[in-house]
Amino acid sequence: MNYAYILEQSRKAKATRSLYEYLKTHTKQPFLPAAVVADFPITDGIQVQNQDKHRVINLRLHDEHLSPYMRSDMSLFHLLMMDEKADIRMFRAEAGWMLVFEGIQVAPKPFGQSGYDMR
């Protein structure tokens, strides 16, 4: 399980807030139970459906990977390799929004005949 915690001071806060409001109004599923992820209390969770995962990916969280207003346990590689195959949940947190990802590729996949680049 990986997470990205976007604080309200972040450049991505406005886009994240509007995404959260969109998901909240367009979901028919009940909210996920409150929990604590990486010592951050989270509430009002929404499971992101397959047709809306592109909206999360379009946030381009990798632009904020060095920002003090986004906290994450993911490296830049993880943020760049995120795709629609990941299981995504979005929560309202104390001072921002929490995105929880499961199924993100951990390391680069080997390629080439020998499993690596020959260049």
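It should be noted that the structure appears before, not after, this text.
Here goes a summary of the coordinates provided. (Residues numbered from 1 in each chain as written. Predicted model: local features only at pLDDT ≥ 70, side-chain atom pairs only at ≥ 80, totals over all residues. Heavy atoms only, no water.)

Regarding the side chain of Lys53
Spelled out, the test is: Runs of E in the DSSP output that reach at least two residues are strands. Runs of H or I that reach at least four are helices, and both are numbered from the N terminus. Each residue is assigned to one of three classes by its accessible area relative to the maximum for its type, calculated with a 1.4 Å probe on protein chains only: buried under 20%, partly exposed between the two thresholds, exposed over 50%. Under the convention used here, Asp and Glu are negative, Lys and Arg are positive, and both His and the chain ends fall outside the count. We count a salt bridge whenever a side-chain nitrogen from Lys or Arg sits within 4 Å of a carboxyl oxygen from Asp or Glu. Counting of polar contacts relies on pairs of N or O atoms within 3.5 Å, with two restrictions inside protein: one atom must be capable of donating a hydrogen and the other of accepting it, and residues adjacent in sequence are counted only when both atoms are side-chain atoms. Whether two residues touch is decided by their heavy atoms; if any such pair falls within 4.5 Å, the residues are in contact.
Structurally, Lys53 can be placed in helix α2 (residues 53–57). Buried and unpaired, Lys53 has no salt bridge, with Asp87 as the nearest side chain of opposite charge at 5.0 Å. At a separation of 3.4 Å, a polar atom in the side chain of Lys53 contacts the main-chain carbonyl oxygen of Glu84. Those residues within four positions of Lys53 in sequence are excluded, and the remaining contacts are Val48, Glu84, Ala86, Asp87 and Ile88.

A word on the side chain of Asn2
Relative to the elements of secondary structure, Asn2 occurs in strand β1 (residues 2–7). Its relative accessible area of 16% is what places Asn2 among the buried residues. In contact with Asn2, other than residues within four places in its own chain, are Asp73, Met74, Leu99, Val100, Phe101 and Ile104.

Focus on the pattern of salt bridges
Considering all chains together, one arrives at seven salt bridges under this definition. Put simply, Asp63 and Arg60 hold a salt bridge, and the shortest N to O gap is 3.3 Å. Each of Lys12, Arg60 and Asp63 takes part in a single network of salt bridges with overlapping partners.

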